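Working through the structure, step by step
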Amino acid sequence: MTSRQHRRRVRVWFGEHVIAQYVAEAPLAARYEQAMRRRFAGLRVTNDVLGPLDTDH
């Protein structure tokens, strides 16, 4: 398993639009997710595994 498979993508959604995105190793992604949940309490925040074919953008 490569380090890329341990990376996660956190996104903050406003309806169907991504307004913030962050890609990092799992522990940092979890920390960012919690910060975004506090800051944007009314918006959906997702934290997904970054697949091998996904880009960092």
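These notes cover the structure that comes with them. Just so we're clear, the structure is a prediction, and the values are computed from it rather than from any experiment. (Residues numbered from 1 in each chain as written. Predicted model: local features only at pLDDT ≥ 70, side-chain atom pairs only at ≥ 80, totals over all residues. Heavy atoms only, no water.)

Overview of the packing of aromatic side chains
Scanning the model with the defined rule gives one aromatic pair in all. Here R44 stacks its cationic end above the ring of W13, 4.5 Å away from the centre of that ring. (Phe/Tyr/Trp six-rings, centres within 6.5 Å; stacked < 30°, edge-to-face > 60°. Lys NZ or Arg CZ within 6 Å of the ring centre and 35° of its normal.)

A short note on the environment of H6
Within the secondary structure, H6 is located in the segment before β1 (7–14). C-alpha separation for the pair H6 and A24, spaced 18 residues apart in sequence, amounts to 8.5 Å. (Helix = DSSP H or I, 4+ residues; strand = E, 2+ residues; numbered from the N terminus.)

Topic: the nonpolar core
V10, V12, A20, A29, M36 and V45 together form the largest nonpolar core, which totals six residues. Non-local contacts of V12, meaning those with residues more than four positions away in its chain, are made with H17, V18, I19, A20, M36, F40, L43, R44 and V45. (Core = buried A, V, L, I, M, F, W, Y, C linked by side-chain atoms within 4.5 Å. Buried < 20%, exposed > 50% of the residue type's maximum accessible area, 1.4 Å probe, protein only. Contact = heavy atoms within 4.5 Å.)

Points about the environment of R11
In this structure, R11 sits in strand β1. The spacing of R11 and V45 is 34 residues in sequence and 5.6 Å in space, taken between C-alpha atoms. Non-local contacts of R11, meaning those with residues more than four positions away in its chain, are made with V18, A20, Q21, R44, V45, T46 and D48.

Any functional reading would require information that these geometric values do not contain.
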